[in-house]
Amino acid sequence: MGHGTNRVEDMSSPNNGTAAAAVATPRETIVQIHSVCLPPKKTAFQKLKKRCADVFFPDDPLEKFRDQTWRNRVLLGLQSLFPIFTWGSQYDLKLFRSDVVSGLTIASLAIPQGISYAKLANLPPIVGLYSSFVPPLIYSVLGSSKHLAVGPVSIASLVMGSMLSESVSPTQDSILYLKLAFTSTFFAGVFQASLGLLRLGFVIDFLSKATLVGFTAGAAVIVSLQQLKGLLGIVHFTGKMQFIPVMSSVINQRSEWSWETIVMGVGFLSILLTTRHISMRKPKLFWISAASPLASVALSTLLVYLIRSKTQAISFIGHLPKGLNPPSSNMLYFSGTHLALAIKTGLITGILSLTEGIAVGRTFASMKNYQVNGNKEMMAIGFMNMAGSCTSCYVTTGSFSRSAVNYNAGAKTAVSNIVMASAVLVTLLFLMPLFYYTPNVILAAIILTAVIGLIDYEAAYKLYKVDKFDFFTCMCSFFGVLFVSVPLGLAIAVGVSVLKILLHVTRPNTVEFGNISGTQIFQSLKRYREASRIPGFLILAVESPLYFANSTYLQERILRWAREEENRIKENNGTTLKCIILDMTAVSSIDTSGLEAVFELRRRLEKQSLQLVLVNPVGSVMEKLHKSKIIEALGLSGLYLTVGEAVSDLSSTWKAQGQP
């Protein structure tokens with residue numbers, strides 16, 4: 001093939017509508033043909049080590065330990081395990097003041113939300129407060145985000161409530177239901193911490209943006225419809241989570257509607273939505289929406305207390321026990337017929353809460369230009385859920401609404417979580433009797449206000465404009481949650497996402513290239529109008545790895561390209577097709593099936609008197625081509641560094657041989 005030699009090529013006749021002029025003009029131009037080199041030799045162990053490092057340690061976590069004394073390594077190790085040691089030494093009174101303000105602000109939101117979300121999960125309201133006390137303390141020590149506000153969230157609460165209540169009644173078998181909730185939380189924590197410890201965070205990437213947009217919107221609609229029970233004062237309401245049964249229950253129970261409850265619910269819902277709108281329009285007034293839930297709880301509780309003797313139509317929470325979280329490790333359910341349900345619920349709620357927590361943490365970290373370590377976050381969220389399951393807590397994670405309030409309130413460190421937990425502690429010890437007359441309708445209004453923001457119309461419209469398949473995935477998730485069930489809706493969306501991946505892998509794209517006139521640049525004929533074909537050549541680019549899953553398809557597709565090109569040449573009386581050039585720049589890897597496909601393709605093209613040329617295979621692909629003897633089979637003129645060099649060299653060779 002004449003690697004490293006100078007070739008003479010005629011490149012000077014005017015352009016006749018094809019790119020032939022770009023490689024054959026009257027003046028002679030010296031073209032240097034470069035070698036395609038093999039990568040440096042490495043042992044199998046070295047290759048495996050590098051591959052594992054790339055897959056599991058892309059951030060190179062051990063880099064900071066190099067060239068350090070043992071004392072510094074111990075300190076760095078503590079900082080890696082407990083991020084509080086990173087910023088704790090620089091903590092001062094100024095930072096503390098900011099954290100106290102933000103912590104008390106989010107506590108005013110966390111207390112009513114905790115009670116509300118626990119009811120959404122069909123758990124006793126006090127469990128929501130327990131879950132707003134222990135987990136934030138653990139996260140403040142282990143978490144790497146400065147702004148993440150930890151506690152119960154609507155989506156995880158809904159999923160847990162819907163999955164567990166399908167098999168166990170939260171009213172008729174409340175003790176077993178509570179055991180399953182704590183056990184699910186334990187398994188969620190184990191799963192989350194395992195992902196972080198084993199650095200398998202890419203597992204949650206199967207929940208694509210499109211899937212999450214549709215899922216959260218569908219879940220938000222279901223949650224909103226479920227709150228009609230509280231807003232209308234209905235006593236006998238369906239436990240199902242699908243659109244049709246919920247709406248049927250609302251209509252069929254018209255006789256139970258309470259006008260007193262409706263008036264109070266609509267009034268406080270209007271106040272909550274108005275304050276939310278004000279804070280969204282003017283972020284500096286964040287405290288209005290942050291304080292409004294607790295203020296609404298206080299005002300509605302006072303109203304119910306004052307009118308308790310005049311009407312019994314408005315239901316209220318009733319007695320809530322005082323005191324710290326009771327231990328619940330003895331309630332974990334590790335054997336029995338419902339263990340599989342607890343594990344499944346834990347896995348699904350664990351993935352959802354982990355995805356939400358990391359996404360929220362990274363959002364606010366990017367706004368303040370610091371980094372949140374995904375694996376540390378997985379371990380922090382996992383360990384806090386494991387500890388929470390032993391202290392009467394259910395699944396918790398970083399809440400977007402509380403974190404946004406925390407950020408706007410000026411939080412500087414995770415101490416804001418400690419302040420919030422301290423406020424919850426005071427509530428648990430001394431203030432629980434004040435919630436006795438808190439009406440259920442205000443909890444429904446608080447949940448409605450919170451979940452409305454989960455319906456992201458703009459994101460769905462953007463998906464429609466940018467990627468129709470992603471929009472289809474989003475709609476599958478949305479309608480699956482709405483009409484089938486919450487877990488099955490999520491499973492449908494994940495299945496569609498996996499199908500998309502399989503389609504990309506098994507049916508990769510191939511593009512026909514042409515030469516941009518007057519240059520050595522070769523680009524897609526469809527994208528660039530100025531690009532034109534080179535007579536005698538069919539230049540194709542493969543835009544994926546060559547695997548067993550797509551090797552047969554690519555072989556057949558390339559042969560079809562060749563047939564179509566020959567038919568086009570016959571119709572236009574063009575120059576006979578002599579060579580097919582495969583640009584392998586985008587072929588990042590190849591397996592034995594791919595190698596066999598390349599060998600078989602060369603053989604079948606040879607029978608048709610067509611030459612196969614490979615261009616710019618990457619290092620690992622080049623190594624396998626060399627070891628499989630395919631390079632030898634292709635011959636001296638079968639491998640080039642660039643498409644331009646291949647066209648120039650082969651055109652010169654044909655001209656020297658007297659071929660047209």
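- In the nomenclature of an unreviewed UniProt entry, the chain corresponds to STAS domain-containing protein from the organism Microthlaspi erraticum.
- In its Subcellular location (unreviewed entry) section, the UniProt record describing the chain reads: "Membrane".

## Observations concerning the UniProt feature "domain: STAS" (unreviewed entry) in the chain
- The UniProt feature table records "domain: STAS" (unreviewed entry) at residues 527-650.
- The annotated region residues 527-650 carries 48% helix and 16% strand content, and the separation between its end C-alpha atoms amounts to 26 Å.

## Quick word on the state of the cysteines
- A complete count under the given rule lists zero disulfides for this structure.
- The thiol of Cys-393 is not disulfide-bonded; the next cysteine sulfur, from Cys-390, is found 9.6 Å away.
- According to the relative accessible area criterion, Cys-393 is buried, its value standing at 1%.
- There is no disulfide at Cys-476, and the cysteine sulfur nearest it, in Cys-474, is 9.3 Å away.

## Section: the packing of aromatic side chains
- Here the structure, examined in full by the defined rule, presents 17 aromatic pairs.
- Aromatic pair Tyr-436 and Tyr-437: ring centres 4.9 Å apart, planes at 70 degrees, arrangement edge-to-face.
- A residue is classified by how much of its surface remains accessible, and Tyr-436, at 34% relative accessible area, is partly exposed.
- On the numbers, 4.8 Å between centres and 25 degrees between planes, the contact of Phe-537 with Trp-654 is stacked. Pair noted here: Phe-537 is in strand E8 (residues 537-542) and Trp-654 is in helix H27 (residues 643-656), with a separation of 117 residues, a long-range link.
- Judged by its relative accessible area of 3%, Phe-537 is buried.
- The class of Trp-654 is buried, set by a relative accessible area of 10%.

## Section: the pattern of salt bridges
- By the definition in use, this model includes eleven salt bridges.
- Residues Arg-533 and Glu-565 are paired through a salt bridge, measuring 3.7 Å at the closest nitrogen-oxygen approach. Of the two residues, Arg-533 is situated in the loop between strand E7 (531-532) and E8 and Glu-565 in helix H23 (residues 551-572); the sequence distance between them amounts to 32 residues.
- For Arg-533, a relative accessible area of 32% corresponds to the partly exposed category.
- Taking the relative accessible area as the measure of exposure, Glu-565 reaches 5% and is therefore buried.

## Describing the packing of helix H13 (residues 259-281) against helix H19 (residues 440-452)
- Look at H13 against H19: their axes get within 9 Å of each other, and the N-to-C directions meet at 35 degrees. Where H13 crosses over H19, the handedness of that crossing is right-handed. Side by side, H13 and H19 meet where Thr-261, Met-264, Gly-265, Phe-268, Leu-269, Leu-272, Leu-273 and Arg-276 of the first sit next to Val-441, Ile-442, Ala-445, Ile-446, Leu-448, Thr-449 and Ile-452 of the second.
- Of the residues that constitute the contact of H13 with H19, the class distribution is eleven nonpolar, three polar and one charged.

## Some words on the pairing of strand E9 (residues 579-583)
- Counting buried residues in E9 gives five out of five residues, a clear majority hidden from the surface.
- Of the two faces of E9, both are covered, the one formed by Cys-579, Ile-581 and Asp-583 as well as the one formed by Ile-580 and Leu-582.
- The pairing of E8 with E9 spans five bridges and is classified as parallel. In the strand pairing of E9, Ala-541 is matched with Asp-583.
- Between the parallel pair E8 and E9, the chain is carried across by H23, and the sense of this crossover is right-handed.
- Two elements, E9 and strand E10 (residues 611-615), share five bridges in a ladder whose sense is parallel.

Reading guide: rules and limits
Residues numbered from 1 in each chain as written. Predicted model: local features only at pLDDT ≥ 70, side-chain atom pairs only at ≥ 80, totals over all residues. Heavy atoms only, no water. UniProt positions renumbered as here; feature names shortened; annotations may be inferred. Helix = DSSP H or I, 4+ residues; strand = E, 2+ residues; numbered from the N terminus. Disulfide = S-S within 2.5 Å. Buried < 20%, exposed > 50% of the residue type's maximum accessible area, 1.4 Å probe, protein only. Phe/Tyr/Trp six-rings, centres within 6.5 Å; stacked < 30°, edge-to-face > 60°. Salt bridge = Lys/Arg side-chain N within 4 Å of Asp/Glu carboxyl O. Axes fitted to C-alpha atoms, helices over the stretch in contact; angles between N-to-C directions. Left-handed = near helix turned anticlockwise from the far one by under 90°. Contact = heavy atoms within 4.5 Å. Nonpolar A, V, L, I, M, F, W, Y, C, P; charged D, E, K, R; others polar. Pairing = 2+ DSSP bridges. Right-handed = clockwise from strand over helix to strand, strands pointing away.

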